[in-house]
Each structure stands twice: as structure tokens, then as C-alpha cells.
Amino acid sequence: MLVFVTTVILYVFGFVFLYGVIRLGVRHGIEDVETHRAQQLRAEELAAHQDRTFARENAFLTGS
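Not measured: the values here are computed from a predicted model. (Residues numbered from 1 in each chain as written. Predicted model: local features only at pLDDT ≥ 70, side-chain atom pairs only at ≥ 80, totals over all residues. Heavy atoms only, no water.)

## A few points about the overall build of the protein
Next, step 1: A tally of helices and strands in the protein yields two helices and zero strands.
Next, step 2: Relative to the globule expectation of 11 Å for 64 residues, the C-alpha radius of gyration of the protein, 27 Å, shows a markedly less compact shape.
Next, step 3: C-alpha extents for the protein along the principal axes are approximately 90 × 10 × 10 Å.
Next, step 4: When the 64 residues of the protein are sorted by exposure, 2% land in the buried category. (Helix = DSSP H or I, 4+ residues; strand = E, 2+ residues; numbered from the N terminus. Rg over C-alpha atoms; globule rule 2.2 N^0.38 Å. Buried < 20%, exposed > 50% of the residue type's maximum accessible area, 1.4 Å probe, protein only.)

As C-alpha cells, this is what we get:
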């Protein structure tokens, strides 16, 4: 009976531990995606700004 109780307790704690590890991994993954999304948005804004600046400084190339 003691072996059965010990097995059940370890089994339950194992699932709780596994749940925590998976939850932690998912949370870190979501944070990485949000960080990458912000960096990507910033890079797109910078590229658009550089394109406008280039076109303004070299108007003869744009045909305007």
C-alpha cells in the first residue's frame, strides 16, 4: 500500500512538474515572438524612412 501511495504521489508531482516546464517554455517562446515582431516592425520603419530620404536626396533618379 505504501508503494502504491508513493507511486501515485510521484506520478502526480511528475505531471505538475511537466506542466510547469511546458508552460514556462511556451511563455518564453511567446516573449521571443513578441520581441522579434517589434524588431521586425522597427526594421521596416527604418527601411521606409531610408527609402524616402534616398528618394528626396536623389530626386533625379525617381523621375520627379
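Let's pick the thread back up.
## Some thoughts on the packing of aromatic side chains
Next, step 1: Tallied over the full model, the rule gives one aromatic pair.
Next, step 2: Their ring planes at 85° and their centres at 4.8 Å tell us that Y11 and F15 sit as a pair that is edge-to-face. Remark: F15 and Y11 occur in helix α1 (residues 2–57); sequence separation between them is four residues, near one turn of the helix. (Phe/Tyr/Trp six-rings, centres within 6.5 Å; stacked < 30°, edge-to-face > 60°.)

## So, the UniProt feature "transmembrane region" (unreviewed entry) in the protein
Next, step 1: Residues annotated in UniProt with the feature "transmembrane region" (unreviewed entry) correspond here to residues 6–26.
Next, step 2: Between the C-alpha atoms that bound residues 6–26 there is a distance of 30 Å. The span itself is 100% helix and 0% strand. (UniProt positions renumbered as here; feature names shortened; annotations may be inferred.)

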